[in-house]
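Structural description and commentary
The residues making up each chain are set out below.
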Amino acid sequence: MEQKNGSSFTGFILLGFSDRPQLELVLFVVLLIFYTFTLLGNSTIIALSHVDPQLHTPMYFFLSNLSFLDLCYTTSIVPQFLVNLSGADKSISFGGCVVQLFISLGSGCTECILLAVMAFDRYAAVCRPLHYTVIMHPRLCALMASASWLVGFANSLLQTVLIFLLPLCGRNKLDHFFCEVPPLLKLACVDTTRNESEIFFVSVIILFIPVALIIFSYDRIVRAILRIKSAVGRRKAFGTCGSHLTVVSLFYGTAIYAYTQLRNNYYQDEGKFTSLFYTIVSPMINPLIYTLRNKDVKEAMKKVLRKDSDSR
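Residues numbered from 1 in each chain as written. Predicted model: local features only at pLDDT ≥ 70, side-chain atom pairs only at ≥ 80, totals over all residues. Heavy atoms only, no water.

1. Quick notes on the overall build of the protein
The condition is simple: Secondary structure elements are taken from DSSP: a helix is a run of H or I of four residues or more, a strand is a run of E of two residues or more, and numbering for both begins at the N terminus. Buried means the residue's accessible area, taken with a 1.4 Å probe over protein chains only, is under 20% of the maximum for its type, while exposed means over 50%, and partly exposed covers the values in between. The contact rule is simple, with two residues in contact once any of their heavy atoms fall within 4.5 Å. To be clear on the numbers: accessible area is Shrake-Rupley with a 1.4 Å probe, and residue cover counts the displayed protein chains and nothing else.
In terms of helices and strands, the protein carries 10 helices and three strands. Each helix and strand of the protein, placed in order from N terminus to C terminus, yields the pattern β-α-α-β-α-α-α-β-α-α-α-α-α. Each of the 312 residues in the protein was classed as buried or not, and the buried ones make up 49%. Across the protein, every contact between residues at least 6 apart in sequence was considered, and the portion connecting residues at least 24 apart equals 79%. In the structure as shown, the protein presents an accessible area of about 15,600 Å², 66% of it carried by carbon and sulfur atoms.

So this is what it looks like as structure tokens:
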């Protein structure tokens, strides 16, 4: 067969859950509900962080960045997935696949780094409270957030280019519900061992270095909290970190599990359901975690609702 590259295709076929047609309707309804809540929840966090002056702090600056990342991540995947679930057409254009991979991979990588930055912010708040405003200067916050975006999307650009340079020899059936690195590698008609090793190495750096920084930060935080004599003070200190630690556990737990299985026969049903969790469920529940466990966000929401009711 004559060798072709990906650009010779009009598109890819996303097999997704097409072998389980009875599941597709259920998934469509559930995903539509989840996506709606994701849009509302994350948009609310962003809006509140800008509207309420009490939320003009480093913590909420990073949180609004996290919410915007979650919006980018899910929006790059879910609308196309909903279209494919709603009919017999399971295709995605070549350009659409490139954009989907670039945005989803870039958002995921950026979130890994941003969660580590947020851990440093919590470390400064708990362990260096008297110097917090000096350490977490607005210029430094903007620099760290910008660096997270830059590194995340630079890595995504590199991986996206390398993936789509691989010859596919006419193969275009992707055994997944969106364009992701491991299933795309399986379409290549050449030996991808080197590519898999390089991607695995980069994944280890992107995932485990931020995890190491988070563990280091929380080790210091826990030690500082245990030195607090007041039980109320300890609860308050733990409360400022609880939401972030919950989000970190959910995101990294599933992401590390998925990408450490890169070389195994993983991206079948188990891989698809795991991907559903960290691409759709996690971005939806992140705003709930921060609003339900955070008094400042609750108060900001009450203020907005009061103003809205008074204006009527």
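Once you've had a look at it, read on.
2. Regarding the packing of helix α3 (residues 94–127) against helix α7 (residues 193–226)
Here is the rule: To get an axis, fit a line to the C-alpha atoms, keeping to the stretch in contact for a helix; angles then go from 0 to 180 degrees between the N-to-C directions. Each angle is binned into one of four classes, with values under 35 degrees roughly parallel, values over 145 roughly antiparallel, values of 65 to 115 roughly perpendicular, and all other values oblique. Note on convention: the crossing is left-handed when the near helix lies turned anticlockwise from the far helix by less than a right angle, right-handed when the turn is clockwise. In this classification, Asp, Glu, Lys and Arg are treated as charged, Ala, Val, Leu, Ile, Met, Phe, Trp, Tyr, Cys and Pro as nonpolar, and every other residue, Gly included, as polar.
At a closest axis distance of 9 Å, the pairing of α3 and α7 adopts a crossing angle of 15°. Taken together, α3 and α7 sit at an angle that is classed as roughly parallel. Along this stretch, α3 crosses α7, giving a crossing that reads as left-handed. Here Cys109, Cys112, Ile113, Leu115, Ala116, Ala119, Phe120, Arg122, Tyr123, Val126 and Cys127 of α3 lie close against α7, whose contacting residues are Ile206, Leu207, Pro210, Leu213, Ile214, Ser217, Tyr218, Arg220, Ile221, Ala224 and Ile225. The residue inventory of the contact of α3 with α7, partitioned by class, reads 19 nonpolar, one polar and two charged.

3. Side note on the UniProt feature "transmembrane region" (unreviewed entry) in the protein
For clarity, the cut-off: UniProt positions are given in the numbering used here, feature names are shortened, and annotations may be inferred rather than shown by experiment.
Taking the numbering used here, the UniProt-annotated feature "transmembrane region" (unreviewed entry) corresponds to residues 25–48, 60–78, 98–120, 140–166, 199–216, 237–259 and 271–292. Counting secondary structure, residues 25–48 comes out at 100% helix and 0% strand; the distance between its end C-alpha atoms is 35 Å. Note that residues 199–216 is 100% helix and 0% strand, and that its end C-alpha atoms are spaced 25 Å apart.

4. Here we look at the sheet that holds strand β3 (residues 173–174)
Worth spelling out the cut-off: Paired strands, as defined in this entry, are two strands with at least two bridges between them according to DSSP.
Read from one edge to the other, the open sheet built from three strands follows the order β2-β1-β3, with strand pairing classed as mixed. On the outer flanks of this sheet lie β2 (91–93) and β3, each paired with one strand and no other. For strand β1 (residues 11–14) and β3, the ladder comprises two bridges, and the chain directions are parallel. Residue pairing across strands places Ile13 opposite Lys173, the latter belonging to β3.

5. Focus: helix α1 (residues 21–51)
As a reminder of what qualifies: Here the expected length of a helix is defined as 1.5 Å per residue gap, with one fewer gap than residues.
Relative to the 45 Å expected for 31 residues at 1.5 Å per residue, α1 spans 45 Å between its end C-alpha atoms, a close match to the ideal helical length. Restricting attention to buried positions, one finds in α1 the residues Glu24, Leu27, Leu31, Tyr35, Thr38, Gly41, Asn42, Ile45, Ile46, Leu48 and Ser49.

6. Some details on the environment of Val51
Position of Val51 among the secondary structure elements: in helix α1. For the pair Val51 and Ala300, spaced 249 residues apart in the sequence, the C-alpha separation amounts to 8.7 Å.

7. A closer look at the environment of Pro53
Inspection of the secondary structure puts Pro53 in the loop between α1 and α2 (58–85). Pro53 sits 247 residues away from Ala300 along the chain, and the two C-alpha atoms are 9.2 Å apart.

8. Some remarks on the pairing of β1
Strand direction decides the pairing type here: β1 and β2, joined by three bridges, are antiparallel. Residue Ile13 lies in a different strand from β2, and its bridge partner there is Ser91.

9. Here's the deal with the side chain of Ser217
Within the secondary structure, Ser217 sits in helix α7. Residue contacts for Ser217: discarding those within four places in its chain leaves Ala119, Phe120 and Tyr123.

10. Description of the pattern of salt bridges
Definition in use: The salt bridge criterion pairs a side-chain nitrogen of Lys or Arg with a carboxyl oxygen of Asp or Glu, the two atoms within 4 Å.
Taken as a whole and judged by the stated rule, the model has four salt bridges. One salt bridge in this structure joins Lys90 and Glu24, with 2.9 Å as the shortest N-O distance. Of this pair, Lys90 sits in the loop between α2 and β2 while Glu24 sits in helix α1, and the two are 66 residues apart along the sequence. Residue Lys90 shares its accessibility class with Glu24, and that shared class is buried. In this structure, Glu198 and Arg194 form a salt bridge, with 3.3 Å as the shortest nitrogen-oxygen distance. Residue Glu198 and its partner Arg194 are located together in helix α7, separated by four residues, close to a single helical turn.

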